[in-house]
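Listed here are the chains, written in short residue letters.
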Amino acid sequence: MTFVKTSLIILIFTGLTFAQKQSKTFEWNGYGQFRFYKINNNSQGFSVRRAKIWIKGNVPNASDFRYKVMGIFKYNKTGYFGLLDAFGEYNFGKSYIRFGQQIPEFSLQRLQQDWKIPVVERVNVIDALIPGAQSSARDIGFQIHYSNNNVWQIAAGIFNGNGANLKKHNSSNFLYTTKGSVKINFTKDYFWHLGMSLMYRKAEQTDFSSIFGDTVPFTGNDFRFGFESLFNLNRVKIQAEYIEAHLGNEKAYGYYAYVNYCFTKKNQLVVNTERLVDLDEKTNDDTWLYFGYNRLFANNNLKLMFSGGTQFNDNYKFVTQIQLFFN
């Protein structure tokens, strides 16, 4: 099976390279993140955090229609290569209608590419409380995103609600999401982004182990909302979010905030704090504080990151990561 997967990936790369020379209707790219980590005094080592590859482009003879297919290698007990995005979309102006396997628009940081954010990992509250948290943030459905002159935008979607990469949907209920934001422009380099997200579904035997831990699947009403803010002050960016999830009669919530200071075009200093209060008695809900430094050798195409954090108890983390783009 490993030989078959390796051969398939080689054939994809070969075909894409040849096809790109013949036509510019689509593009391919990908990247890898490789890291050394130390967690407390009992865990340290090297890992391939993720490696992604994708193709995207316009449908031939129909330039308003686009598509994207993305795969990822990551660890889930053992390493595996799986499907992330597989969708088509119709573009009109700066807006689009998208159908297929995709990210339901909910939360600011979740919609920011992981290769672009200034922290080495998305925060715990985002990973745990967004829709599709158990399936790499993806779900299968339909979504419309409308934008007005880069000032305000709104998105709404209907999804299966039980995750991505499923052969079929085994429930009569759906996941409903909506997200709106406004961008207040002061000057070219100074603006304030404000937004809010909402979602609802009637869950039936759904895996919410990222919130409850290793318990039985959840059945009941699932309602979540979040607030987001981003100040862009030229070299300084201040971003924060708060998310709250109501699962039946129980509530989980969390927040994060960070300051990213670019003291040169190639050097960044980052300070961030986060807290997740979940419904798992085994986890520690104390606040984390992190300090980080990023060196951008070739913007985000080649980037070295250092990050260290603590909960001011016996828990601490240290990560150093190098990021490389393939194309």
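Just so it is clear, the structure is predicted and the values come from calculations on it, not from any experiment. (Residues numbered from 1 in each chain as written. Predicted model: local features only at pLDDT ≥ 70, side-chain atom pairs only at ≥ 80, totals over all residues. Heavy atoms only, no water.)

## Here's the deal with the overall build of the protein
Turning to step 1, where the next piece is worked out: Each helix and strand in the protein was counted, giving four helices and 16 strands.
Turning to step 2, where the next piece is worked out: Against the globule reference of 20 Å for 327 residues, the protein gives a C-alpha radius of gyration of 20 Å, in line with a compact fold.
Turning to step 3, where the next piece is worked out: In terms of its C-alpha atoms, the protein occupies a principal-axis envelope of roughly 60 × 55 × 50 Å.
Turning to step 4, where the next piece is worked out: For the protein, with 327 residues in total, the buried portion stands at 42%.
Turning to step 5, where the next piece is worked out: Partitioning the intrachain contacts of the protein with sequence separation of at least 6 by distance along the chain shows that 49% fall at a separation of at least 24.
Turning to step 6, where the next piece is worked out: Summed over its atoms, the accessible surface of the protein is roughly 17,500 Å², and 60% of this surface lies on carbon and sulfur atoms.
Turning to step 7, where the next piece is worked out: Positive and negative side-chain charges of the protein, numbering 37 and 25 respectively, have mean locations separated by a distance of 11 Å. (Helix = DSSP H or I, 4+ residues; strand = E, 2+ residues; numbered from the N terminus. Rg over C-alpha atoms; globule rule 2.2 N^0.38 Å. Buried < 20%, exposed > 50% of the residue type's maximum accessible area, 1.4 Å probe, protein only. Contact = heavy atoms within 4.5 Å. Areas by Shrake-Rupley, 256 points an atom, 1.4 Å probe, with all protein chains shown as cover. Lys, Arg positive; Asp, Glu negative; His and termini not counted. Charge placed at Lys NZ, Arg CZ, Asp CG, Glu CD.)

## Details of empty space enclosed by the protein
Turning to step 1, where the next piece is worked out: Counted according to the given criterion, the structure contains one cavity of 30 Å³ or more.
Turning to step 2, where the next piece is worked out: Put simply, the largest cavity is a space of about 50 Å³.
Turning to step 3, where the next piece is worked out: Of all elements in the fold, only strand 13 (267–277), strand 14 (288–300) and strand 15 (302–310) reach the threshold of two or more residues within the lining of the largest cavity.
Turning to step 4, where the next piece is worked out: Across the lining of the largest cavity, the residue classes break down as eight nonpolar, four polar and no charged. (1 Å grid on protein atoms, 1.4 Å probe; cavity = no way out; pocket = protein on both sides within 12 Å on 5 of 7 lines; lining within 4 Å. Points joined across faces, edges and corners; volume = space filled by probe spheres on them. Nonpolar A, V, L, I, M, F, W, Y, C, P; charged D, E, K, R; others polar.)

## Description of the pattern of salt bridges
Turning to step 1, where the next piece is worked out: Under the definition given, this model contains eleven salt bridges.
Turning to step 2, where the next piece is worked out: Across the pair glutamate 121 and arginine 35 runs a salt bridge whose closest N-O atoms are separated by 3.0 Å. Residue glutamate 121 is located in the loop between helix 2 (108–111) and helix 3 (124–129), and its partner arginine 35 is located in strand 1 (residues 26–39); the two are separated by 86 residues in the primary sequence.
Turning to step 3, where the next piece is worked out: The closest approach of N and O atoms between arginine 49 and glutamate 121, which form a salt bridge, is 2.8 Å. Of this pair, arginine 49 sits in strand 2 (residues 43–59) while glutamate 121 sits in the loop between helix 2 and helix 3, placing them 72 residues apart in sequence.
Turning to step 4, where the next piece is worked out: Linked through salt bridges whose partners overlap, the residues forming this network are Arg35, Arg49, Arg50, Lys52, Asp114 and Glu121. (Salt bridge = Lys/Arg side-chain N within 4 Å of Asp/Glu carboxyl O.)

## Remarks on unusual backbone geometry
Turning to step 1, where the next piece is worked out: Residue asparagine 40 is not a glycine yet carries a positive backbone phi of 55°.
Turning to step 2, where the next piece is worked out: For asparagine 40, the location among the structural elements is in the loop between strand 1 and strand 2.
Turning to step 3, where the next piece is worked out: If you check the backbone angles, asparagine 299 has positive phi at about 55° while not being a glycine.
Turning to step 4, where the next piece is worked out: Mapping asparagine 299 onto the fold places it in strand 14.

## With respect to the nonpolar core
Turning to step 1, where the next piece is worked out: One finds Val125, Ile126 and Leu129 to be the most contacted residues of the largest nonpolar core, which totals 26 residues.
Turning to step 2, where the next piece is worked out: Secondary-structure elements contributing two or more residues to this core are helix 3, strand 9 (190–206), helix 4 (209–212), strand 11 (236–247), strand 12 (250–264) and strand 13.
Turning to step 3, where the next piece is worked out: If one sorts the elements of this core by residue count, helix 3 sits on top with four residues.
Turning to step 4, where the next piece is worked out: If we ignore the near neighbours within four places in the chain, the residues touching isoleucine 126 are Ser107, Gln109, Arg110, Glu241, Ile243 and Tyr256.
Turning to step 5, where the next piece is worked out: If you look at the next biggest cluster of nonpolar residues, it comprises seven residues, including Trp54, Leu84, Trp115 and Phe325. (Core = buried A, V, L, I, M, F, W, Y, C linked by side-chain atoms within 4.5 Å.)

## Brief notes about the packing of aromatic side chains
We describe a pair of aromatic rings using the distance from one ring centre to the other and the angle between the two ring planes.
Turning to step 1, where the next piece is worked out: The tally for this structure, following the rule as stated, stands at 17 aromatic pairs.
Turning to step 2, where the next piece is worked out: Ring geometry for tyrosine 31 versus tryptophan 54: centroids 6.0 Å apart, planes at 70°, classification edge-to-face. Here tyrosine 31, found in strand 1, pairs with tryptophan 54, found in strand 2; they are 23 residues apart in sequence, far enough to count as distant. Pair check on accessibility: tyrosine 31 and tryptophan 54 agree, each one buried.
Turning to step 3, where the next piece is worked out: Aromatic side chains tyrosine 256 and tyrosine 258 sit 6.4 Å apart centroid to centroid with 15° between the ring planes, which places their arrangement in the stacked category. (Phe/Tyr/Trp six-rings, centres within 6.5 Å; stacked < 30°, edge-to-face > 60°.)

## Considering the environment of phenylalanine 312
Turning to step 1, where the next piece is worked out: Relative to the assigned elements, phenylalanine 312 resides in the loop between strand 15 and strand 16 (316–325).
Turning to step 2, where the next piece is worked out: Linking phenylalanine 312 and leucine 289, residues 23 residues apart in sequence, is a C-alpha distance of 8.4 Å.

## Looking at the side chain of glutamate 89
Turning to step 1, where the next piece is worked out: The topology assignment puts glutamate 89 in strand 4 (residues 78–92).
Turning to step 2, where the next piece is worked out: Polar side-chain contacts of glutamate 89 include one of 3.4 Å to the side chain of asparagine 91.
Turning to step 3, where the next piece is worked out: Separated by 2.8 Å, the side chains of glutamate 89 and arginine 98 make a polar contact.
Turning to step 4, where the next piece is worked out: In contact with glutamate 89, not counting residues within four places along its chain, are Asp64, Phe65, Arg66, Tyr96, Ile97, Arg98 and Phe99. (Polar contact = N/O pair within 3.5 Å; in protein donor to acceptor, adjacent residues only side chain to side chain.)

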